[in-house]
Amino acid sequence: MTGSISVRERGQIIPIVPHVVRRHAELAARGVHVEQHMHEPTEFAERELLQHNLFLYTGPSARAEIKSPEFTGVRWIHPGSIWIMPEGSRHSVRFESCMEGVALAFDPPTFDLLVQSAGGRTSLPILHALTPCTPKIYHLMRALMHESFDASPDNGIGLECIATAVALSISRNAGALAPLRTRTTPRLAPKQIRAVQAYVETHLHQQISLADLAATAGLSSFHFLRSFKGSLGSTPAKYVMDRRMERARYLLKVGKLTVSDVGIEVGFEDVSHFSRAFRRAMGVTPTAFRSATQQ
């Protein structure tokens with residue numbers, strides 16, 4: 001594996017596209033790949049997918065000539081179209097226009113684990129298809145694209161949360177998961193809440209993953225996501241970011257650390273990323289906040 005969404009082409013394993021606008025390496029190490037793709041009109045020889053790959057097309061309508069066992073011919077790809085390419089599927093394609101969109105892929109063991117942890121079965125194959133996106137998956141993939149542009153230390157956990165929801169929606173549509181029937185929102189036990197909160201507080205200076213938090217609560221990522229929101233009223237990503245900002249406010253008020261050092265203490269390696277996140281959360285820059293609180 002190259003750490004990217006990959007294909008086997010002419011006996012070699014290569015990235016699915018030659019140029020990736022944005023890639024999240026820390027997420028790829030956990031078997032989830034989120035990439036921004038944009039490339040000029042081009043032609044790809046027959047390739048075999050090595051991951052379960054979803055591509056939401058976000059550019060202007062474009063023509064593509066596709067050859068695959070499932071469908072062959074010239075297809076119009078419109079904004080909001082999703083190309084579902086499961087592991088092992090094959091196709092060649094010639095794009096007549098520029099192509100751009102957000103790609104989400106899962107290493108097969110990661111995808112299987114997500115489905116199994118939600119009580120589903122992995123024996124039902126996900127079908128190769130190019131189709132208009134369902135509203136739920138469309139909104140999730142758009143949220144994934146928006147989140148992927150955020151350079152905060154929590155974009156990993158935010159992307160994980162959205163990617164997990166996409167995987168389960170795809171599996172449910174394919175029949176691998178039963179429809180949700182319960183109207184009761186699951187909740188974490190008080191002991192689990194305390195354990196998760198303690199973990200977050202002691203790791204604010206580091207990246208925190210969804211898998212880490214789920215393991216702390218003794219749950220799968222799927223059940224943790226549902227239970228966390230039912231218990232604390234927000235997503236894990238928002239909760240972690242709120243705690244980072246609260247810690248940053250305290251450190252800025254104390255006044256002993258530089259703004260850059262405060263950013264590092266709450267998990268930001270780049271002061272500009274910290275300043276943007278703080279201003280988005282608090283409405284002012286860290287420097288302005290410090291000045292106002294120390295007058």
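Refer to the preceding data block for the structure.
Residues numbered from 1 in each chain as written. Predicted model: local features only at pLDDT ≥ 70, side-chain atom pairs only at ≥ 80, totals over all residues. Heavy atoms only, no water.

**Some details on empty space enclosed by the protein**
The cut-off we apply is this: In this analysis a 1.4 Å probe is tested at points of a 1 Å grid over the protein atoms alone, and where it fits but cannot get out there is a cavity; an open set with protein on both sides within 12 Å along at least five of seven lines is a pocket; lining residues have an atom within 4 Å of a point. Grid points are joined across faces, edges and corners, and a volume is the space filled by probe spheres set on the points. Labels follow the DSSP assignment, with helices taken as runs of H or I lasting at least four residues and strands as runs of E lasting at least two, numbered in each case from the N terminus. Throughout this entry, Asp, Glu, Lys and Arg are counted as charged residues, while Ala, Val, Leu, Ile, Met, Phe, Trp, Tyr, Cys and Pro are counted as nonpolar. The remaining residues, Gly among them, count as polar.
Per the stated rule, a full pass over the model turns up 2 cavities of 30 Å³ or more. Considering only enclosed or pocket space, the largest cavity measures out at about 170 Å³ in volume. In terms of lining residues, the largest cavity is bounded by 14 residues, among which Ile16, Val17, Trp83, Met85 and Phe95 are the most central. The set of elements that each furnish at least two residues to the lining of the largest cavity consists of strand S4 (32–39), strand S5 (43–49), strand S6 (52–57), strand S9 (81–85) and strand S10 (90–95). With 3 residues, S10 is the largest single contributor of residues to the lining of the largest cavity. Considering only residue class, the lining of the largest cavity consists of 9 nonpolar, 4 polar and 1 charged. Quantified by volume, the second largest cavity comes out at close to 60 Å³. Lining the second largest cavity are His52, Asn53, Leu54, Ile84, Met85, Pro86, Phe106, Phe111, Ile126, Ala167 and Ile170. Within the residue set of the lining of the second largest cavity, elements represented by two or more residues are S6, S9 and helix H4 (155–174). Looking at the lining of the second largest cavity, the element that brings in the most residues is S6, giving 3 residues. Taken together, the residues of the lining of the second largest cavity break down into 9 nonpolar, 2 polar and no charged.

**Here's the deal with the pattern of salt bridges**
The condition is simple: Each salt bridge in this description consists of a side-chain nitrogen of Lys or Arg and a carboxyl oxygen of Asp or Glu lying within 4 Å of one another. Here's how the labels work: a residue is buried when its accessible area is under 20% of the maximum for its type, exposed when over 50%, partly exposed in between, all with a 1.4 Å probe on protein chains only.
Scanning the model with the defined rule gives 14 salt bridges in all. Its salt-bridge partner being Glu9, residue Arg47 comes within 3.3 Å of it at the nearest N-O pair. Of this pair, Arg47 sits in strand S5 while Glu9 sits in strand S1 (residues 6–9), and the two are 38 residues apart along the sequence. The pair Arg47 / Glu9 is uniform in exposure class, with both members buried. The closest approach of N and O atoms between Glu246 and Arg249, which form a salt bridge, is 3.5 Å. On the criterion of helical spacing, the pair formed by Glu246 and Arg249 is a turn pair, its members being 3 residues apart in helix H8 (residues 236–254). Overall, the relative accessible area of 36% leaves Glu246 in the partly exposed class. Among the residues examined, Arg249 registers a relative accessible area of 26% and is labelled partly exposed.

**Overview of the pairing of S10**
For clarity, the cut-off: We treat two strands as partners when DSSP finds at least two bridges between them.
Judged from the 4 bridges that link them, S5 and S10 form a sheet pairing that is antiparallel. By the bridge assignment, Glu43 is partnered in S10 with Arg94. Looking at chain direction, strand S7 (residues 62–67) and S10 are connected through 4 bridges and run antiparallel. What sits directly across from Glu65, in S10, is Arg94.

**Digging into the packing of aromatic side chains**
Worth spelling out the cut-off: In this scheme Phe, Tyr and Trp rings, the latter by its six-membered ring, pair at centre separations within 6.5 Å, and the angle between planes marks the pair as stacked below 30 degrees, edge-to-face above 60, and tilted otherwise.
One pass over the full model with this rule turns up 7 aromatic pairs. Consider the rings of Phe44 and Phe95, whose centres lie 6.2 Å apart with planes at 80°: the pair is edge-to-face. Of this pair, Phe44 sits in strand S5 while Phe95 sits in strand S10, placing them 51 residues apart in sequence. Per residue, the accessibility class of Phe44 equals that of Phe95, and both read buried. Consider the rings of Phe224 and Phe228, whose centres lie 5.4 Å apart with planes at 50°: the pair is tilted. Here the residue Phe224 and the residue Phe228 both occupy positions in helix H7 (residues 221–232), the gap between them amounting to 4 residues, near one helical turn. Through a chain of ring-to-ring contacts, the aromatic side chains of Phe268, Phe274, Phe278 and Phe289 assemble into a single cluster.

**A look at the environment of His91**
Put simply, the test is: Contacts are assigned to residue pairs that have any heavy atoms within 4.5 Å of one another.
The residue His91 is located in strand S10 in this model. Taking the C-alpha atoms as reference, His91 lies 9.1 Å from Phe71; in sequence the two are 20 residues apart. Sequence-distant contacts of His91, that is, excluding residues within four places in its chain, are made with Ala45, Glu46, Arg47, Leu49, Lys67, Ser68, Trp83, Met85 and His128.

**A look at the sheet that holds strand S8 (residues 72–77)**
Whenever strands of a sheet pair, they do so through backbone hydrogen bonds, lying parallel or antiparallel. Our working rule: What counts as an axis is a line fitted to C-alpha atoms, over the stretch in contact for a helix, and the angles between N-to-C directions run from 0 to 180 degrees.
Read across the open sheet, the 6 strands follow the order S2-S1-S5-S10-S7-S8; overall the sheet is antiparallel. With partners counted over all chains shown, the strands left at the sheet margins are strand S2 (12–15) and S8, one partner each. Geometrically, the sheet is characterised by an average inter-axis angle of 40° between neighbouring strands, direction not taken into account. Looking at chain direction, S1 and S2 are connected through 4 bridges and run antiparallel. Looking at S2, one finds that Glu9 is bridged to Gln12.

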